[in-house]
Amino acid sequence: AQKVTQAQTEISVVEKEDVTLDCVYETRDTTYYLFWYKQPPSGELVFLIRRNSFDEQNEISGRYSWNFQKSTSSFNFTITASQVVDSAVYFCALSSPDYGQNFVFGPGTRLSVLP
Amino acid sequence: SQTIHQWPATLVQPVGSPLSLECTVEGTSNPNLYWYRQAAGRGLQLLFYSVGIGQISSEVPQNLSASRPQDRQFILSSKKLLLSDSGFYLCAWSQSSKETQYFGPGTRLLVL
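Residues numbered from 1 in each chain as written. Chains lettered and ligands numbered in written order. Predicted model: local features only at pLDDT ≥ 70, side-chain atom pairs only at ≥ 80, totals over all residues. Heavy atoms only, no water.

Caption draft 1: Main features of the state of the cysteines. All names here are of chain A. Summed over all chains, the structure comprises 2 disulfides over all chains. Paired through a disulfide, Cys-23 and Cys-92 show a sulfur-sulfur distance of 1.9 Å. Handedness of the Cys-23-Cys-92 disulfide follows from its S-S torsion of about -65°: it is left-handed. Taken together, the positions of Cys-23 in the loop between β3 (19-21) and β4 (24-25) and Cys-92 in strand β10 (residues 88-95) put the pair 69 residues apart, joining distant regions of the chain. (Disulfide = S-S within 2.5 Å. Helix = DSSP H or I, 4+ residues; strand = E, 2+ residues; numbered from the N terminus.)

Dropping the structure here:
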């Protein structure tokens, strides 16, 4: 079973639409960290957010917002009023003692924002 | 502030040739260092990680190797490249295993 699931392989939206990227994770630990990264066409992974398992408050940063729900093991990412520059592959990742030293990345969701 | 460099940016190599990719980090000391590979249109595969000089852990058995000759230098090598080694290679650093990983610009490798 996947440890981090991003069920949406590809999403296309028209500019100014809102879009939510889903992330579901698995861990037996009570202390863990969740991350979102953006990979634009240039290839470099850009860090967006880090959230620890004890902080379930939703976070908003400009047009970006994150909804962390431990009850459903989900950490979803919403882009409001999407723009063409938001087109990228988005990765969700988990850091948990259950999985040792390293991150577990989801397979990624490719978002295309059409003008 | 911390920065991470990778070179070369792009590389085209024939099958059977050697490989050396370099990654260096500035502005921090004793970082954890990571090598990932991303095949075209695919997710990230962790290849190696290092928690200190000379300490390398391999996640996937293959014809690649890694070395950390200095605290902030991480090298990915191969003696003989295979076609399947083509991909996008990303280096990353973090302050510890729980901390955010920050990625370099990557190296695109094409093996012909």
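Caption draft 2: Representation of the interface of chain A and chain B in the model. Residue-level contacts link 19 residues of chain A with 24 residues of chain B. Taking both sides of the interface into account, the surface hidden between chain A and chain B amounts to around 1,600 Å²; carbon and sulfur atoms contribute 54%. For the pair chain A and chain B, the number of links is 1 salt bridge. Of the charged contacts in the structure, one is a salt bridge between Arg50(A) and Glu99(B), with a shortest N-O distance of 3.8 Å. The interface formed by chain A and chain B includes 2 residue pairs in polar contact (both at pLDDT 80 or more). At the level of secondary structure, the elements contributing two or more residues to the side of chain A that touches chain B comprise β5 (33-39), β6 (46-52), β10 and β11 (103-105) of chain A. Looking at the side of chain A that touches chain B element by element, the count peaks at 4 residues for β5(A). Of the residues assigned to the side of chain A that touches chain B, the class counts are 10 nonpolar, 6 polar and 3 charged. (Contact = heavy atoms within 4.5 Å. Buried area = accessible area lost by both parts, 1.4 Å probe. Salt bridge = Lys/Arg side-chain N within 4 Å of Asp/Glu carboxyl O. Polar contact = N/O pair within 3.5 Å; in protein donor to acceptor, adjacent residues only side chain to side chain. Nonpolar A, V, L, I, M, F, W, Y, C, P; charged D, E, K, R; others polar.)

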